[in-house]
Amino acid sequence: MELRAVVFGGKFSGKTSLINAVFDQDLLQNQKRTAQCQKHQGNVCGRKLTLVETPGWWKHFPLSDTATFLKQELIQGVSLVNPGPHAILLVIEIDIPFTEKHRKAAEDHLGLLGDQIWTYALVVFTRSHSLKKRTIEDHIKKEGEALQSLIEKCGNRYCEFNCRVPNNTSQAKQMLEMIDNIVQSNSSGYFQIEAKRLEEAAEWKNTVKTKAKSRKSKVQEQRRELDKLRIALLGWVIAGKSSAGNTILNQQVFVTGQSTVNCNTAHGVVDGRPVTVLDTPSWFKYFPSQYSPSWIKSKILQNQTLTSSHCILLVISGDTSFKEEQKKVIEENMSFLGEQVWRHTIVLFTWGDILGDLPIEEHIESEGEALQWVIDKCENRYHVFNNEERENRLQVTELLQKIDEMMTRNSFFRPSTEMFGRIPAQDEVNTQSEASSVDSDLQDIVRYVDEEWRRRDKKLVERVTKVEKDSNAGLPKSDRSLDIPPNFNETSNTKPEDSIEKQEPETDPSETESCSEYINLFIALRFL
Ligand SMILES: Nc1nc2c(ncn2[C@@H]2O[C@H](COP(=O)(O)OP(=O)(O)O)[C@@H](O)[C@H]2O)c(=O)[nH]1
Ligand SMILES: [Mg+2]
């Protein structure tokens, strides 16, 4: 007749060694601890034997300290032998003292399977080599009350096993005989756990497995997100932001030489890494931040990529002057992102080609305190790009290294609550029509420009027109000014001189037109 048994016991009691010795083979070669029940089958002393190994409990600790998954596993272990185990083997090692705590832990853990368990229980003493000249009975007597009462609970059934003896058939035989006795005393029956208990355990396991799977995939998704590098480009108009975005992604994704009126996001793979770049309209080099339309600010601040950016690239053209005025413009505009933004910012100088062999440090030193203030705010993080040489991937690799270095020192950039307090609430933005808010911003700017015009005489305006015409006629590339690149065309293709005439905003300008007009006015002012 086939015999089936489930092996229980505390951790390190010798369950695995017992199973190995009974089947006389190393069934469990890997030295991993048993966290889940395992079924083993073989022929022992001419009998077909099935043994299920269960995870052990901590012998010194109460049931309440045992992890839930382990308790559930103990219950489910019996369901691995069909229709049920003939015996429950409780493994106890001989070479450590058996205390009251051990007894309580053993009884409580086995008690999880119901009171019926005890009529099928057999204590198997392992490491019996440590008995030396003593008998097992001497040992039980010496151990005292705790062990004796447990053995009693198990119907005074016990046997010993010296797992060190190879091919220990006599002890295996003795153990099988004891199991046979249990079968007989239970009228050839086998232990059956209460169906409800088993169902509950199975249902619990399924629920946990489903939840665990979904948590794991969430974690993996979060990891993939972490792998992605998110970069936001800020800086004044025509500093080279869109061009820098194209250089990073090594493709023409952002429109350059035109006003950027929206926040645009593009993705790519750089040095084997997923990278997301956010291009922004940002601000104007010579206008204080109060003249940056609020829709630009809110568009930038409410952009998801910016608020979760790993790095802000503050794009500054490397060949132009940088005065106190620019420092103020940058400081004010950056302040909308909160003071912590500086910890995540790297200055990206563009137009590296114009710098030629001149080290950027010499430009920084020669420009003076205003630029040095920005560099200091970024804790000396700066980099130079030549956007005309997109195929020079080393400049991008080096930038990514600098971003990585910065990230090792920082956690993610998160907008401060203070910052959110300073941008229009979503409701506000929705209720006001965007066109009307743009309109009122524009009117402010136009008023400002008007005042400027009045201060300057007509002659200067003529000079502006002349300079603009000269620029459009095409200067050698190296002579271009970054402030007003000759090929900087607005989306509306409106020439600056036309816009000078158009000082009044149209009655209901679209967002794009308004922005272009705004930029035209700005460009015109720069020629004065
Ligand atoms: N020579 C040169 N031109 C550049 C460089 N970066 C940008 N530009 C030019 O500067 C102009 C404005 O660049 P753009 O990227 O549109 O500026 P944005 O307004 O900050 O996005 C374009 O005509 C670009 O071709 C650079 O590193 N070298
Ligand atoms: Mg742009």
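Residues numbered from 1 in each chain as written. Chains lettered and ligands numbered in written order. Predicted model: local features only at pLDDT ≥ 70, side-chain atom pairs only at ≥ 80, totals over all residues. Heavy atoms only, no water.

Q: Is there a simple way to explain the environment of Glu-339 in this structure?
A: Note that Glu-339 resides in the loop between helix 11 (324–335) and strand 11 (345–350). For the pair Glu-339 and Lys-377, spaced 38 residues apart in the sequence, the C-alpha separation amounts to 10.0 Å. Reaching out from Glu-339, the side chain makes a polar contact with the side chain of Lys-377 at a distance of 2.7 Å. (Helix = DSSP H or I, 4+ residues; strand = E, 2+ residues; numbered from the N terminus. Polar contact = N/O pair within 3.5 Å; in protein donor to acceptor, adjacent residues only side chain to side chain.)

Q: Mind showing me how you'd approach the site of ligand 1 here?
A: Around ligand 1, the structure places 19 residues, and the nearest of them are Ile-238, Lys-241, Ser-243, Gly-257 and Asp-353. At a separation of 2.8 Å, an oxygen atom of ligand 1 approaches a polar backbone atom of Trp-351. Ranked by residues supplied to the shell around ligand 1, first place goes to helix 8 (residues 241–249) with three residues. Taken together, the residues of the shell around ligand 1 break down into seven nonpolar, nine polar and three charged. (Near = heavy atom within 4 Å. Nonpolar A, V, L, I, M, F, W, Y, C, P; charged D, E, K, R; others polar.)

Q: Before we go on, may I ask you to explain the packing of aromatic side chains in this structure?
A: Aromatic ring pairs: the centre-centre distance and the angle between the two ring planes describe each pair. Under the definition given, this model contains five aromatic pairs. When the ring centre of Tyr-190 is taken as origin, the NZ or CZ atom of Arg-4, which lies over that ring, is 5.4 Å away. Here the basic side chain of Lys-327 rests over the ring of Trp-373, its NZ or CZ set 4.8 Å away from the ring centre. (Phe/Tyr/Trp six-rings, centres within 6.5 Å; stacked < 30°, edge-to-face > 60°. Lys NZ or Arg CZ within 6 Å of the ring centre and 35° of its normal.)

Q: What is the right way to look at helix 2 (residues 68–77) in this model?
A: Given 3.6 residues to a turn, an α-helix orients residues that are three or four positions apart in the same direction. A large share of helix 2 lies buried, amounting to seven of its ten residues. Among all positions of helix 2, only Leu-70, Gln-72, Glu-73, Leu-74, Ile-75, Gln-76 and Gly-77 are buried. Looking at the packing, one finds that the buried side of helix 2 touches strand 1 (3–9), strand 3 (47–53), helix 3 (100–111) and helix 7 (195–227). (Buried < 20%, exposed > 50% of the residue type's maximum accessible area, 1.4 Å probe, protein only. Contact = heavy atoms within 4.5 Å.)

Q: Help me understand the pattern of salt bridges, please; the structure alone is not making it clear to me.
A: As a working rule, side chains carrying opposite charge can pair if their charged atoms are close by. Taken as a whole and judged by the stated rule, the model has 15 salt bridges. Across the pair Asp-180 and Arg-47 runs a salt bridge, and its minimum N-O distance is 2.8 Å. One end of the pair, Asp-180, is in helix 6 (residues 169–185); the other, Arg-47, is in strand 3, with 133 residues separating them in the sequence. Here Lys-59 makes a salt bridge to Glu-93, at a shortest N to O gap of 2.5 Å. Separated by 34 residues along the polypeptide, Lys-59 in the loop between strand 3 and helix 2 and Glu-93 in strand 4 (residues 87–93) bring together distant segments of the chain. The residues Lys-59 and Glu-93 share a single accessibility class, namely buried. Here the residues in one salt-bridge network are Glu-100, Arg-103 and Glu-107, joined through shared partners. (Salt bridge = Lys/Arg side-chain N within 4 Å of Asp/Glu carboxyl O.)

Q: Looking at this structure, I do not really get the nonpolar core. What am I missing?
A: With 62 residues, the main nonpolar core has Leu-51, Ile-88, Leu-89, Leu-90, Leu-122, Phe-125 and Met-175 as its most contacted residues. Ranked by size, the runner-up nonpolar core spans 51 residues in total, among them Ile-231, Leu-234, Leu-313 and Leu-400. (Core = buried A, V, L, I, M, F, W, Y, C linked by side-chain atoms within 4.5 Å.)

Q: Even after reading the chapter, I still don't get the pairing of strand 11, so can you show me in this structure?
A: Judged by how many residues are buried, strand 11 sits mostly within the fold: six of six residues are covered. On strand 11, burial covers both faces: Thr-345, Val-347 and Phe-349 on one face and Ile-346, Leu-348 and Thr-350 on the other are all buried. Of the pairings in the sheet, the one linking strand 10 (residues 311–317) to strand 11 comprises six bridges and is parallel in character. From the neighbouring strand, Leu-314 faces strand 11, where its bridge partner is Val-347. At this point the chain moves from strand 10, through helix 11, to the parallel strand 11, and the crossover so formed is right-handed. (Pairing = 2+ DSSP bridges. Right-handed = clockwise from strand over helix to strand, strands pointing away.)

This is a description of form; function is not addressed.
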